[in-house]
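# Secondary and tertiary structure notes
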Amino acid sequence: QVQLVESGGGLVQAGGSLRLSCAASGGTFSSYYMGWFRQAPGKERQFVAAISWSGGNIYYGDYVKGRFTVSRDNAKNTVYLQMNSLKPEDAAVYYCVAGSNLRPVVAGQGNWGQGTQVTVSS
């Protein structure tokens, strides 16, 4: 079973940038389709991004496309989420998930990390 640890969260001003990392251990990283989700208090969980096994296919949620970029480095067993032009509504706990394919990942089916807090100030 793969274990995931997110990092890189913190406090950033609106309009700023932040880069999240999700480090995987156990299993074979390249065999996992990877995804990012976020959840803010009182709000529904939102799909943020997904990336295929070798990085050739990438998908974004409706509210982050054009601002966020997902990537992965299989040699480092790490998936990244580069967040630019951050808005207060982007504030949330961000989670990564490792699954078997796109549809399970988008549905939240897989192994989850503990999350990292992103706070955006006005």
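Scroll up to find the structure this text is about.
If you're wondering where the values come from, they're calculated on a predicted model, not measured in any experiment.

## Here we look at the environment of Gly8
One can find Gly8 in the loop between β1 (3-7) and β2 (10-13). When its relative accessible area of 36% is taken as the criterion, Gly8 is described as partly exposed. With 73 residues separating them in the primary sequence, Gly8 and Leu81 have C-alpha atoms 9.5 Å apart. Once residues within four sequence positions are removed from consideration, Gly8 is found in contact with Leu18, Arg19, Leu20 and Thr116.

## Let's talk about the pattern of salt bridges
Inspection of the entire model under this criterion finds two salt bridges. Residues Arg38 and Asp90 are paired through a salt bridge, measuring 2.8 Å at the closest nitrogen-oxygen approach. Separated by 52 residues along the polypeptide, Arg38 in strand β4 (residues 33-39) and Asp90 in the loop between β8 (78-83) and β9 (92-99) bring together distant segments of the chain. Judged on exposure class, the residue Arg38 and its partner Asp90 are both buried. Taking the shortest distance from any N to any O, the salt bridge between Asp90 and Arg67 comes out at 2.7 Å. Of this pair, Asp90 sits in the loop between β8 and β9 while Arg67 sits in the loop between β6 (58-60) and β7 (68-73), and the two are 23 residues apart along the sequence. Arg67 matches Asp90 in its accessibility class, with the two residues each being buried.

## Observations concerning the sheet that holds β1
What the four strands build is an open sheet, ordered β1-β3-β8-β7; its pairing is antiparallel. Among the strands making up the open sheet, the edge pair consists of β1 and β7. Sheet twist, expressed as the average angle between the axes of neighbouring strands with direction ignored, equals 15 degrees. As defined by bridge partners, strand β3 (residues 18-25) adjoins β8 across six bridges and the pair is classed as antiparallel. Considered in β8, the bridge of Arg19 is made with Gln82.

## Things to note about unusual backbone geometry
Even without being a glycine, Asn77 presents a positive backbone phi close to 55 degrees. Structurally, the position occupied by Asn77 is in the loop between β7 and β8. Located in the positive-phi region is Ser85, a residue other than glycine, with phi close to 50 degrees.

## Description of the side chain of Asp90
Here Asp90 falls in the buried class, since its relative accessible area comes to 0%. Here the side chain of Asp90 touches Arg67 through a polar contact of 2.7 Å, side chain to side chain. Excluding anything up to four places from it in sequence, Asp90 contacts Arg38, Arg67, Phe68, Ser85, Val118 and Val120.

Basis of the calculations
Here the residue index of a chain counts from 1 through its sequence in written order. Note on the predicted model: pLDDT of at least 70 is required for a residue's local features to be given, and 80 or more for side-chain atom pairs to be given and counted; whole-chain, interface and lining totals, by contrast, use all residues. Side-chain measures here rest on the full set of heavy atoms in the structure, leaving out hydrogens and waters. For the purposes of this entry, the term helix denotes a DSSP run of H or I that reaches at least four residues, the term strand denotes a run of E that reaches at least two, and both are numbered from the N terminus. The cut-offs for exposure are 20% and 50% of the maximum accessible area for each residue type, with area from a 1.4 Å probe on protein chains only; residues under the lower value are buried, those over the upper are exposed, and the others partly exposed. In what follows, a contact means two residues having at least one pair of non-hydrogen atoms within 4.5 Å. By salt bridge we mean one thing: a side-chain nitrogen of Lys or Arg within 4 Å of a carboxyl oxygen of Asp or Glu. Paired strands, as defined in this entry, are two strands with at least two bridges between them according to DSSP. Angles here are taken between N-to-C directions and fall from 0 to 180 degrees, while the axes themselves are lines fitted to C-alpha atoms, restricted in helices to the stretch in contact. In the analysis that follows, any N or O atom pair within 3.5 Å is treated as a polar contact, provided that within protein one partner can donate a hydrogen and the other can accept it, and provided that, for residues neighboring in sequence, both atoms belong to side chains.

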